[in-house]
Every structure is written in C-alpha cells, then in structure tokens.
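# Residue-level structural notes
Chain by chain, the residues run as shown.
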Amino acid sequence: MQQHEYIELEDLLGAHNYKPLDVVISRGEGVWVWDVDGNKYLDCLAAYSAVNQGHCHPKIMQAMVKQAEKLTLTSRAFRNDQLGPFYKELCELTRSHKVLPMNSGAEAVETAIKTVRKWGYTVKGVPEDKAEIIVCDNNFHGRTISIVSFSTDENARAGFGPFTPGFKCIPFGDANAFDAAITENTVAFLVEPIQGEAGVMIPPDGYLKKVREICDRRNVVLILDEIQTGLGRTGKLLAEEHEGIEADLTIIGKALSGGYYPVSAVLSNTEVMNVLQPGEHGSTFGGNPLACAVARTALKVLLEENMVENSSVQGEYFLSELKKISHPDIKEVRGRGLMVAIEFHPQVGGARAYCNKLKDEGILAKDTHENIVRFAPPLVIQRDEVDMILSAISKVLPTS
Ligand SMILES: *Cc1c(COP(=O)(O)O)cnc(C)c1O
C-alpha cells in the first residue's frame, strides 16, 4: 500500500479527532522512525513523552514478550506475582508510600480527583458534595468529561457539557492567587510542574516550593500531574525535584511503560491513599501482570542507562544552542531537560508550517497552539543527533 492510501483509509474510516502530520510510520528504533517508503526521521515528539526510553527498547520488548507468554491478566479479583514487586520498586524510586495503578493518564487523573474528594469528606471534614479542587488556566490533564470540565481550552470543552462542578481555575505560576483561592472546602490543588500541552510553560523559580508551603499551612492536598514531566523528561526523575519538594499525590503515566502499553499510576502518601476502601474504585486492566512487568523494566532501563542524566545534559546543550539562533521570527525559546519549545511571533503563518518543513528535513516535531513547536525527543538522544535537529531548525527558518 502507498503512503497516500493509508492516509485516505484513516481519513475515510476514522473519527477526525486528530490532525496528524502526513507521515505514515511503520518502524521505530531509539530516536529514529521510518515511514512506509523507508524515509528516516528523528522523532522529536516521542509520542508526547511516552517513549522516553526510545522506540522499541529491546529490554522492555523482552520483558513484555516473556510476561505475555506466562500471564497477562488476572484482574484485581486475584493477586499476581508482578504487582507487589512493581509497587516496591516504584515506591523506592519515587519515595512514595502507596501506589494505585491504572492504564491511561486521564484515568489516573480521575483516580486522584476521586481520592482527594474522599479525603476531603472523611479526613478534612468538608461538608458532603462541597469539595473544591483548584486547577490552573491552560492546564492539560486529559479528555474525560470531568477533566474537560475544568479545561480553559474552548476546543477541548465546547459542545461537551453539562460539566462536572467543583473546580476553580487560577493563573498558573501565581502562588498568591492560589493562596487567595483556597476556602474551607478546598481539598486539593492539581497542577503540572511545567505545562506541556500549553507550550512548555515554566513557572517562576520557587513557585512549587511556595505552593507546597501553602498546601501544608492550609491543609490542602498537593497533586502534581507528572504524566508528561515525569520519568526523566525535564532532567530529573520527577520535575518536583527541581524545587526539592514532594507532592502528596503524584500522577505518572506515558513513559511508565516506555510506550509499549498504557500504564499509569497515582503515587501517594499513606494518609491520602488510605481513604479508599475495597469496591470504591478500580479498573479491570489496572495493575495487570503484563503492565507491571513492562513498567518494571521501563523504569529499570531509565536508570541503568542513565537516561535521566542524559536528558539533563543533552537538554542543556540543546537549549543553549537554540538560544544562539537569532531570528526575527522567533519570540522565545524555553525548556528544561529535553522538554523544549520554540515560540514564534504570531504573524509567521503558524507553527504547523514549520513542522511540515522540519518533516521534509527528517525531523518530526509537533506544533502546540498556533505558534509553538515542542521538541521532546527520546531521552536516549546523543549530541550529534541534537546537532541534526539544530541544523534542521536553522535551515527551515526563512532567510530574509
Ligand atoms: C498526556 C497527558 C495526560 C493524559 O494522558 P492520557 O494517557 O492521554 O489519558 C494528562 N496530563 C498530562 C500532563 C499529559 O501530558
């Protein structure tokens, strides 16, 4: 089949809820992917940071195949021999007390929301049905009805009401606004350490530290959505480490499986997670042995192969070289670790045009909003490959 035939099939038979670049990928290895015509591209999206470990990491593949031959699903009606060790390794790695495993990121966000509401009623003493959760403008936490209920992106919301009540939006990066928004019914603050989908928006230094202090003082649960920033993306295992804090609940997903399989988890301290009782929450596939085996190995290679450190080193190099490119179209470059963005001035005709030009140079990147291109390659990228991205970026910028 020809490339255009695959595209026509997708467009004819699939829902049009995405607008992908017209590249049909059939193979991946490390930072590289190949399309059906054999063209090679450097992947600078890494499936929205789900393949931090690189495409088709051989050790994760082996773990998956080995486990798939033995046992894939028991449901949580019974126990399995992968779940306990998965909890242990994940808790030790992230200094957590408790884990609740789910599948997609959105499910883990929903899980965190349910957990803090229950905590509010049973521990904090919030009157029934009055719990409030504070979130930030331009957040991205997923696509379910409750999650889009507190989105500020009209595209994500319009036409999907009625919405779930109980959420309050404040500006991102403003600790005073957070303090002022808290009432006696506030149970939690849900925030991304760096807003990825919003365009790699980095809050002022000290923001999370202040937020942590306010949460402690006012008895509010701090939930960090690290689904995108976590597992090495920003140059630390968790982005919270940049400010030396610990959240009460941390949500991870995406790279937790190295892109093999949807695996997410809510990490918690004991007090908050202990409010959940048998029968109150669950998922048929959550915590299944295949997911656990894959996730255990995905975490293991992240550490063994120094991917977190590499993210920091290559990310710093990438950003410092990007900052040297001076071009009238570029408004700002920003990033932390290998989570990097170029924001263009609005008049240029859109970030998507750049992404299409970059594709022709063998670089796959994704526009986010009108004027921002995000670069988030797998964390196994090497310096010469960063140089390839840099030279492609310079090449596609129009000469005036
Ligand atoms: C991707 C993402 C989600 C949603 O994860 P899904 O697996 O797509 O449901 C939630 N929060 C953040 C910060 C994300 O980047």
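Residues numbered from 1 in each chain as written. Predicted model: local features only at pLDDT ≥ 70, side-chain atom pairs only at ≥ 80, totals over all residues. Heavy atoms only, no water.

### Some details on the overall build of the protein
Where we set the bar: Every helix listed is a DSSP run of H or I at least four residues long, and every strand listed is a run of E at least two residues long, numbered separately from the N terminus. Between the two quantities, the radius of gyration covers C-alpha atoms and the globule rule is 2.2 Å times the number of residues to the power 0.38. Partly exposed describes any residue whose relative accessible area lies between the buried limit of under 20% and the exposed limit of over 50%, with all areas from a 1.4 Å probe on protein chains only and scaled to the type maximum.
Counting its regular elements, the protein contains 14 helices and 15 strands. Computed over its C-alpha atoms, the radius of gyration of the protein comes to 21 Å, within 12% of the 21 Å expected for a compact globule of 400 residues. Along the three orthogonal principal directions, the C-alpha set of the protein runs to about 60 × 50 × 45 Å. Evaluated residue by residue, the protein yields a buried proportion of 55% over its 400 residues.

### Some thoughts on the sheet that holds strand β2 (residues 32-35)
For sheets, the rule is that strands pair by backbone hydrogen bonds, running either parallel or antiparallel. Going by this rule: Only strands joined by at least two bridges in the DSSP assignment are considered to pair.
The 4 strands lie next to each other as β1-β2-β3-β13, forming an open sheet whose pairing is mixed. Unpaired on one side and paired on the other, β1 (25-29) and β13 (363-364) mark the two borders of the sheet. Looking at chain direction, strand β3 (residues 40-43) and β13 are connected through 2 bridges and run parallel. Bridge assignment links leucine 42 to a residue of β13, and that residue is isoleucine 363.

### Focus on the environment of alanine 68
Mapped onto the secondary structure, alanine 68 falls in helix α3 (residues 58-70). Residue class for alanine 68 comes out partly exposed when judged on its relative accessible area of 39%. Alanine 68 sits 225 residues away from alanine 293 along the chain, and the two C-alpha atoms are 9.3 Å apart.

### As for the nonpolar core
Note the cut-off: Here, the term nonpolar core denotes a set of buried Ala, Val, Leu, Ile, Met, Phe, Trp, Tyr and Cys residues that are joined through side-chain atoms within 4.5 Å. Each domain span listed reflects an automatic or database assignment of domains. Any pair of residues with heavy atoms lying within 4.5 Å of one another is described as a contacting pair.
Residues Leu256, Phe318, Leu322, Phe375, Ile389 and Ile393 are the most contacted members of the largest nonpolar core, which totals 66 residues. Broken down by element, this core gets its largest block of residues, 9 residues, from helix α11 (residues 289-304). Two domains each donate at least three residues to this core, and these are domain 1 (3-56 + 306-396) and domain 2 (58-304). Beyond its immediate sequence surroundings of up to four residues, phenylalanine 375 is in contact with Cys44, Phe318, Leu338, Met339, Val340, Ile342, Leu358, Ala365, Ile389 and Ile393. The next biggest cluster of nonpolar side chains, apart from the first, holds 28 residues, and it includes Trp119, Ile147, Val221 and Leu249.

### Re the sheet that holds strand β15 (residues 372-375)
Note the threshold: Axis lines are fitted to C-alpha atoms, over the contacting stretch for helices. Their N-to-C directions set the angle, which ranges from 0 to 180 degrees.
An order of β11-β12-β15-β14 is seen for the 4 strands of this open sheet, with the pairing classed as antiparallel. The open sheet has two free edges, formed respectively by β11 (330-336) and β14 (366-368), since each of these has just one partner strand. Pairwise comparison of adjacent strand axes, ignoring direction, gives a mean angle of 25 degrees for this sheet. As paired strands, β14 and β15 are joined by 3 bridges and run antiparallel to one another. Each bridged residue has a counterpart across the sheet, and for lysine 366 the counterpart in β15 is arginine 374.

### A look at the domain arrangement of the protein
Put simply, the rule is: Buried area is calculated as the accessible area (1.4 Å probe) missing from two parts once they are joined, with the contributions of both summed. Salt bridge criterion: a side-chain nitrogen from Lys or Arg within 4 Å of a carboxyl oxygen from Asp or Glu.
Domain annotation for the protein reports domain 1 (3-56 + 306-396) and domain 2 (58-304). For domain 1 and domain 2, the distance between their C-alpha centres works out to 26 Å. Facing 30 residues of domain 1, the contacting portion of domain 2 comprises 32 residues. Of the roughly 2,500 Å² buried at the junction of domain 1 and domain 2 (both faces included), carbon and sulfur atoms supply 55%. Summed over the shared surface of domain 1 and domain 2, the number is 2 salt bridges. A salt bridge links glutamate 197 to arginine 374; the shortest N-O distance between them is 2.8 Å.

### Describing the pairing of strand β9 (residues 249-252)
What you see with β9 is no split at all: Leu249 and Ile251 on one side and Thr250 and Ile252 on the other are buried throughout. Where strand β8 (residues 221-225) lies against β9, 3 bridges are found, and the strand directions are parallel. Paired with aspartate 225 across the bridge in β9 is isoleucine 251. Of the strand pairs in this sheet, β9 and strand β10 (residues 264-268) are connected by 4 bridges, and their pairing is antiparallel. Counterpart to leucine 249 in the pairing with β10 is serine 268.

### Quick notes on the state of the cysteines
Here is the rule: Any pair of cysteine sulfurs within 2.5 Å is marked as a disulfide.
Enumeration over the complete set of coordinates arrives at 0 disulfides. No disulfide involves cysteine 355; its sulfur sits 9.8 Å from the nearest other cysteine sulfur, which is in cysteine 44. Residue classification places cysteine 355 among the buried positions, given a relative accessible area of 0%.

### Digging into empty space enclosed by the protein
What counts here: Cavity: a set of points on a 1 Å grid over the protein atoms alone where a 1.4 Å probe fits but cannot get out. Pocket: an open set with protein on both sides within 12 Å along at least five of seven lines, its lining residues, like those of a cavity, having an atom within 4 Å of a point. Grid points are joined across faces, edges and corners, and a volume is the space filled by probe spheres set on the points. When residues are sorted by character, Ala, Val, Leu, Ile, Met, Phe, Trp, Tyr, Cys and Pro go into the nonpolar class, Asp, Glu, Lys and Arg into the charged class, and all the rest, Gly among them, into the polar class.
Counted under the stated rule, the structure contains 2 cavities of 30 Å³ or more. Put simply, the largest cavity is a space of about 80 Å³. If you go around the largest cavity, the residues you meet are Pro193, Ile194, Pro203, Pro204, Asp205, Tyr207, Leu208, Ala239, His242, Glu243 and Arg336. For the lining of the largest cavity, the per-class residue count stands at 7 nonpolar, 1 polar and 3 charged. Here the second largest cavity is characterised by a volume of approximately 40 Å³. Residue lining of the second largest cavity: Ile342, Phe344, Tyr354, Leu358, Val373, Phe375, Ile393 and Val396, and that is the complete set. Only β12 (339-344), α13 (351-360), β15 and α14 (383-396) provide two or more residues apiece to the lining of the second largest cavity.

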